Amino acid sequence: MSNKMWGGRFASGPDAVMEEINSSIEFDRHLYRQDIAASKAHAAMLAKQGIIAREDAKKIAHGLDTILSEIESDKFDFKRVLEDIHMNVEGRLAELIGSSAGRLHTARSRNDQVATDFKLWIREAIDTLDGVLAVYQRALAEKALAHAGTVMPGFTHLQSAQPVTFGHHLLAYVEMAARDRGRFADARARLNESPLGAGALAGTSFALDRNMTAKELGFARPTANSLDAVSDRDFVLETLSAAAICAIHLSRFAEEIVLWCSPLSGLIALSDKFTTGSSMMPQKRNPDAAELVRAKTGRIVGALNALLMVMKGLPLAYQKDMQEDKHGAIDALGALSLCIAAMTGMVGDMTPNEARMKEMAGAGYATATDLADWLVRTLKMPFREAHHITGRIVAAAEKAGAALDKLPLVAMQAVEPRITKDVYAVLPVDRSVASRVSFGGTAPKNVRAQAKRWLKKLGKEGA
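Okay, so let's go over this structure. (Residues numbered from 1 in each chain as written. Predicted model: local features only at pLDDT ≥ 70, side-chain atom pairs only at ≥ 80, totals over all residues. Heavy atoms only, no water.)

## Quick look at the overall build of the protein
Link 1 in the chain: Secondary structure summary: the protein contains 18 helices and six strands in total.
Link 2 in the chain: Taken over C-alpha atoms, the radius of gyration comes to 30 Å for the protein, far larger than the 23 Å a tight globule of 463 residues would show.
Link 3 in the chain: Within the span of the protein, comprising 463 residues, buried residues form 47% of the whole.
Link 4 in the chain: Contacts in the protein between residues at least 24 apart in sequence constitute 75% of all its contacts with a sequence separation of at least 6.
Link 5 in the chain: As displayed, the protein has an accessible area near 22200 Å², and 55% of this comes from carbon and sulfur atoms.
Link 6 in the chain: If you average the places of the 58 positive and of the 54 negative side-chain charges in the protein, the two averages end up 6 Å apart. (Helix = DSSP H or I, 4+ residues; strand = E, 2+ residues; numbered from the N terminus. Rg over C-alpha atoms; globule rule 2.2 N^0.38 Å. Buried < 20%, exposed > 50% of the residue type's maximum accessible area, 1.4 Å probe, protein only. Contact = heavy atoms within 4.5 Å. Areas by Shrake-Rupley, 256 points an atom, 1.4 Å probe, with all protein chains shown as cover. Lys, Arg positive; Asp, Glu negative; His and termini not counted. Charge placed at Lys NZ, Arg CZ, Asp CG, Glu CD.)

In structure tokens form, the structure reads like this:
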């Protein structure tokens, strides 16, 4: 059977394989609310402009409301032969209201229709992601405030570097999430133009009021070029790019959680809420939530790469290739929302082992930089000379098997005779973190101030 929506050009139906590859209803059915909203706005505008009768517009609106109710109550029969959400809605509308349904598609193409629907869907997804990211930030800032003075090891190259505080470490991810939200906000602002009324590619000869439909759908303005309106998916690419960066930030944190939970480090513990056991080894507590966040990042980045490849060689205007824009994006943004929720839960759930953190913070001669800074401040050495002398003192401590703050003064003076016992005041890890008072530094008072600043800002957003 031919698709009756095509009219007279096709006399027979598609091959089964053609029907299979051409259908998109399995995933673009997610756009049903957006499709119905855009259709109602279009019909109302057509009636206002005198393009269709007001009575037809009323029938169309009533029929669309009925379809919305049917879909949301799981009573709608999605048909693969009708290919996509647009044809399914229009087909059902014809069953409900008869010939008036045929007037809805006046001055509209599936090309501008799908671009409009997907922009509406992406915009809503961005708003959802912004909300869950704000909740994630609040969880991080609250934990940071509670642990502003909890000393932990700071690493570069996964080697002991300098002591930091747990709160400072968590606030780093608050800052990353803020930039993630900024990228999503930028993408939202750029996509907020309505393609509706652009037609297939050239616009239309009907006297449309595109500003009316744009306003009704919450867009800032209509798109200015009909070719561009229907043929680009940079709004999806930009959103997926922001999503990929956000997912990578989450994955980095998830990797740290996996490392911190290991008995080899023992820096934090997660409860039963965010861990699983082993089918064979009864002692196991596996940080599977963090591991799955780490893994799902591949799906999110993959969706971006896939759509980049789809779009890279397409001439203007619409090509059927662009049907592949939705499946990966819908999956990826859903996965990202889930990952953010999982990370938020783990942040609230994790319990730091403060004694173990402090012990490891002092390992690996982590306060060596404090010694070098003391030589610069007290003995007025050039930093490079102080760095060299400190390196020799660290070597002596390593040879003696002693921590830096436990190395006898005489051993230090064998390297630099002017060193006094006052040096020991800067070598404990607590003193080290307390001294890092430069803006953005790890000093507990800095961390408290930054955590409170974020909580105040996030509180106002949620008000």
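## Brief notes about the nonpolar core
Link 1 in the chain: Residues Tyr-136, Phe-253 and Leu-336 are the most contacted members of the largest nonpolar core, which totals 97 residues.
Link 2 in the chain: It is helix 10 (residues 234–261) that provides the largest number of residues to this core, a total of 15 residues.
Link 3 in the chain: Not counting residues up to four positions away in its chain, the partners in contact with Phe-253 are Tyr-136, Leu-140, Leu-170, Tyr-173, Trp-260, Met-343, Val-347 and Met-350.
Link 4 in the chain: Membership of the second largest hydrophobic core comes to 21 residues, among which are Met-381, Leu-407, Ile-419 and Leu-427. (Core = buried A, V, L, I, M, F, W, Y, C linked by side-chain atoms within 4.5 Å.)

## Things to note about unusual backbone geometry
Link 1 in the chain: With omega at 10°, the peptide bond leading from Leu-316 into Ala-317 counts as cis.
Link 2 in the chain: Residue position: Ala-317 is located in the loop between helix 11 (288–311) and helix 12 (325–349).
Link 3 in the chain: Of note, Glu-83 is a non-glycine position whose phi angle comes to about 75°, a positive value.
Link 4 in the chain: For Glu-83, the position within the fold is in the loop between helix 4 (54–72) and helix 5 (85–97).
Link 5 in the chain: Phi is positive for Tyr-365, which is not a glycine, with a value near 55°.
Link 6 in the chain: Topologically, Tyr-365 is positioned in the loop between helix 13 (354–361) and helix 14 (368–379).

## Quick look at the packing of helix 3 (residues 32–48) against helix 4
Axes are the key here: two packed helices are described by the angle between their axes and the distance separating the axes.
Link 1 in the chain: It is the contact of helix 3 with helix 4, at a shortest axis distance of 9 Å, that shows an interaxial angle of 170°. Looking at the two axes, helix 3 sits roughly antiparallel to helix 4. Residues Tyr-32, Arg-33, Ile-36, Ser-39, Lys-40, Ala-43, Ala-47 and Lys-48 of helix 3 touch helix 4, and the partners they reach there are Arg-54, Ala-57, Ile-60, Ala-61, Leu-64, Asp-65, Ile-67, Leu-68, Ile-71 and Glu-72.
Link 2 in the chain: A per-class count over the contact of helix 3 with helix 4 returns eleven nonpolar, one polar and six charged. (Axes fitted to C-alpha atoms, helices over the stretch in contact; angles between N-to-C directions. Parallel < 35°, antiparallel > 145°, perpendicular 65-115°, else oblique. Nonpolar A, V, L, I, M, F, W, Y, C, P; charged D, E, K, R; others polar.)

## Overview of helix 4
Link 1 in the chain: Helix length check: helix 4 (19 residues) gives 27 Å between terminal C-alpha atoms against 27 Å at 1.5 Å per residue, within 8%.
Link 2 in the chain: Of all the residues in helix 4, the buried ones are Asp-56, Ala-57, Ile-60, Gly-63, Leu-64, Ile-67, Glu-70 and Ile-71. The buried residues of helix 4 all sit within an arc of 140° when viewed along its axis, so they share a single face. Exposed residues on helix 4 whose side chains face more than 90 degrees from its buried face are Arg-54, Lys-58 and His-62.
Link 3 in the chain: Of the surrounding secondary structure, the elements contacted by the buried residues of helix 4 are helix 3 and helix 5.
Link 4 in the chain: A positive backbone phi angle near 60° is found at Asp-74, which sits one or two residues after helix 4. (Expected span 1.5 Å × (residues − 1). Arc of directions from axis to C-beta.)

## Here we look at the packing of aromatic side chains
Link 1 in the chain: Scanning the model with the defined rule gives six aromatic pairs in all.
Link 2 in the chain: Ring centres of Phe-166 and Trp-260 lie 5.9 Å apart, and the angle between their planes is 70°; on these two criteria the pair is classed as edge-to-face. Taken together, the positions of Phe-166 in helix 7 (residues 166–191) and Trp-260 in helix 10 put the pair 94 residues apart, joining distant regions of the chain.
Link 3 in the chain: Relative to Phe-253, the ring of Tyr-173 lies with its centre 4.3 Å away and its plane at 15°, an arrangement referred to as stacked. Here Tyr-173, found in helix 7, pairs with Phe-253, found in helix 10; they are 80 residues apart in sequence, far enough to count as distant. (Phe/Tyr/Trp six-rings, centres within 6.5 Å; stacked < 30°, edge-to-face > 60°.)

## Digging into the environment of Asn-225
Link 1 in the chain: Turning to its location among the elements, Asn-225 is positioned in the loop between strand 4 (221–222) and helix 9 (226–231).
Link 2 in the chain: Asn-225 sits 30 residues away from Pro-195 along the chain, and the two C-alpha atoms are 8.8 Å apart.
Link 3 in the chain: Separated by 3.0 Å, the side chain of Asn-225 and the backbone nitrogen of Leu-227 make a polar contact. (Polar contact = N/O pair within 3.5 Å; in protein donor to acceptor, adjacent residues only side chain to side chain.)

## Re the pairing of strand 2 (residues 159–165)
Sheet faces and side chains relate simply in a regular strand, where the side chains alternate between the two faces.
Link 1 in the chain: Alignment of strand 1 (residues 151–156) against strand 2, held across six bridges, turns out to be antiparallel. Looking at strand 2, one finds that Pro-153 is bridged to Pro-163.
Link 2 in the chain: Remark: two residues form the turn of the hairpin made by strand 1 and strand 2, two consecutive strands paired antiparallel; His-157 in that turn has positive phi of roughly 60°. (Pairing = 2+ DSSP bridges.)

## Things to note about the environment of Lys-75
Link 1 in the chain: With respect to the secondary-structure elements, Lys-75 resides in the loop between helix 4 and helix 5.
Link 2 in the chain: Residue Lys-75 is classed as exposed on the basis of its relative accessible area, which comes to 67%.
Link 3 in the chain: Sequence spacing of Lys-75 and Met-176 is 101 residues, and the spatial spacing of their C-alpha atoms is 43 Å.

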